[in-house]
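# Examining the three-dimensional arrangement
Below are the chains, spelled out letter by letter.
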Amino acid sequence: MQRCKKFSRKEFSDLSFKQYRKQDCDVHGHRYEYDFMRLLLLCLVVLGHSCYNSLFYGVGGVDYTGLFISGEYTYHSLWTKVWFIHDLIYSFHMPAFFALSGSVYYITKQRYSGINELIAVKAKKLLCPFLFCAVFYTIPVKLFGGFYVTENIGAALNGILFASGDAGHLWFLAALFWNFVIIRCLEIKFNAENRNEYMIPLISVILYILLYDKAVKIPYLDLRYFGYFSMGYLLAAVKEKGKRISDRTVFLSIIFFIPACRILPINSEILSLAGVFFTYVIGYAFERKAGKAVKVRLVKLLKYSFPIYLFHDPVNILVLKWIDYFRMYDLYESAAGILLLVAVRTVIPAAASVLLWKALSAAAAGRRTGTEEKPEEDKQRDERKRKHEDGS
């Protein structure tokens, strides 16, 4: 398959639908299989964060299971199935996100002239949102929601900087930054513009085997996830060269990556690998089967994917506090109540994230407009002053 070409709007309007489908992209160069995978995984992240009643990490935590432990309330049997889905999502959704990031990097790496440019761009897009949201949004909201107490704020800030757990769901952004840096260094070392790029996934496995029991004192650097990142890099490399993702490729990838996975039990790691490949299979099927209108709508939905990821999880802490305040635990005792709770805890954080993003965007746009209009106002004021002085 040839690389995705960007068309002018006139060229795009002249394409036949068959030609359009062959390009697998739109006028902006979207790769729909990866767009769909990003939306699917985002939905799984938000859904996965809607199922816990107790959560502890770093120096904070909440626990709303006391009334169930005491026997005052009992869970409906559906809750066990919901928790199974939660565990299933957690078994592969973050590895799949890292793999997807590796694939997207492979098809966009020509944008970066060197490692310095890549570091600057990724620091702006990943580390800046990570630090800003963690310090000025996540901690205050979770403090209000009872996750933190005031005495622990200093420790929580320290935990964010040194990866002690207090970054919450935002840890992914910092970890992803290191993945980009490492793979760029490997590309430079092995001249990955040629066939040597296929060596990068194998090297990532070797690095993990050599260093898994060593203390790598870099916050948020986890070579296990770099293995998945480089797996996505490999899958994109194979696909971009017009090669079919064969069963042999899948089998070899599993053989390469299983030795690198010693943190989780082997069954869990196999499930993670299966989940990653299933995500790719679904994405490739969407790219082949979905119509143009569906793909265009998909791109519009992705407009809010990043702000939903940034802002949604602390809102869940507030929803849990609200459920506890109104003593709505009886909803857990019926199947309909559990489905309602999961829906509320999925939709409200996502909707609140979109509204917050729109408010911040409107405030930023207003500030820019005010800055742009001020010089013009100054000119008009100077002109009136000059005319007044001339008249006198």
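The preceding data block contains the structure.
Quick look at the structure, then. (Residues numbered from 1 in each chain as written. Predicted model: local features only at pLDDT ≥ 70, side-chain atom pairs only at ≥ 80, totals over all residues. Heavy atoms only, no water.)

## Quick word on the pairing of strand 2 (residues 60–63)
- The pairing of strand 1 (residues 54–57) with strand 2 spans 4 bridges and is classified as antiparallel. In the sheet register, Tyr57 faces strand 2, and the bridge partner there is Gly60.
- Taking the residues that link successive antiparallel strands as the turn, the strand 1-strand 2 hairpin has 2 residues, and the phi of Gly58 there is positive, at about 60°. (Pairing = 2+ DSSP bridges. Helix = DSSP H or I, 4+ residues; strand = E, 2+ residues; numbered from the N terminus.)

## Considerations on helix 10 (residues 223–240)
- Under the 1.5 Å per step criterion, the end-to-end length of helix 10 is 25 Å for 18 residues, consistent within 8% with the ideal 26 Å.
- Counting buried positions along helix 10 yields 18 of 18 residues, so the element is predominantly enclosed.
- The N-terminus of helix 10 is capped by Asp222, whose side-chain oxygen sits 2.9 Å from the backbone nitrogen of Arg224.
- In the segment just after helix 10, Gly242 is the residue with positive phi, at about 80°. (Expected span 1.5 Å × (residues − 1). Buried < 20%, exposed > 50% of the residue type's maximum accessible area, 1.4 Å probe, protein only. Polar contact = N/O pair within 3.5 Å; in protein donor to acceptor, adjacent residues only side chain to side chain.)

## Here we look at the packing of aromatic side chains
- Scanning all chains against the criterion turns up 34 aromatic pairs.
- Plain terms: the ring middles of Phe68 and Tyr332 are 5.3 Å apart, the flat faces sit at 85° to each other, and that makes the pair edge-to-face. Here Phe68, found in helix 4 (residues 66–69), pairs with Tyr332, found in the loop between helix 14 (305–325) and helix 15 (335–391); they are 264 residues apart in sequence, far enough to count as distant.
- Residue Phe68 is classed as buried on the basis of its relative accessible area, which comes to 10%.
- Ring plane angle 20° and centroid distance 6.1 Å describe the contact between Phe226 and Phe229, whose orientation is recorded as stacked. One end of the pair is Phe226 and the other is Phe229, both in helix 10 and 3 residues apart, which spans about a single turn.
- Given a relative accessible area of 1%, Phe226 falls into the buried group.
- One aromatic cluster is present, formed by Phe68, Tyr73, Tyr75, Trp79, Trp83, Tyr329 and Tyr332 through successive ring pairs.
- Here Lys321 stacks its cationic end above the ring of Phe144, 4.7 Å away from the centre of that ring. (Phe/Tyr/Trp six-rings, centres within 6.5 Å; stacked < 30°, edge-to-face > 60°. Lys NZ or Arg CZ within 6 Å of the ring centre and 35° of its normal.)

## Structural notes on the pattern of salt bridges
- Scanning the entire structure with this criterion turns up 8 salt bridges.
- With a shortest N-O distance of 3.8 Å, Asp313 and Lys142 are connected by a salt bridge. Of this pair, Asp313 sits in helix 14 while Lys142 is found in helix 6 (residues 115–144), placing the two residues 171 residues apart along the sequence. Comparing Asp313 with Lys142 shows no difference in burial state: the two are buried.
- Where Asp324 meets Arg327, a salt bridge forms, and the shortest distance between an N and an O atom there is 2.9 Å. (Salt bridge = Lys/Arg side-chain N within 4 Å of Asp/Glu carboxyl O.)

## Considerations on the side chain of Ser50
- Along the chain, the position of Ser50 falls in the loop between helix 3 (32–48) and strand 1.
- Within the local environment of Ser50, its side chain forms a polar contact with the backbone oxygen of Leu47, the two atoms lying 2.6 Å apart.
- When near neighbours in sequence (up to four residues on either side) are disregarded, Ser50 contacts Asn316, Val342, Arg345 and Thr346. (Contact = heavy atoms within 4.5 Å.)

## Looking at unusual backbone geometry
- Residue Tyr220 is not a glycine yet carries a positive backbone phi of 75°.
- Here Tyr220 lies in the loop between helix 9 (199–211) and helix 10.
- Even without being glycine, Arg327 reaches a positive phi, approximately 50°.
- For Arg327, the location among the structural elements is in the loop between helix 14 and helix 15.
- Residue classification places Arg327 among the partly exposed residues on the basis of a relative accessible area of 46%.

## Considerations on the side chain of Asp313
- Note on Asp313: relative accessible area 3%, which makes it buried.
- In terms of polar contacts, Asp313 uses its side chain to reach the side chain of Tyr52, at 3.4 Å.
- Filtering out sequence-adjacent residues up to four positions away, Asp313 remains in contact with His49, Tyr52, Tyr57, Lys142 and His169.

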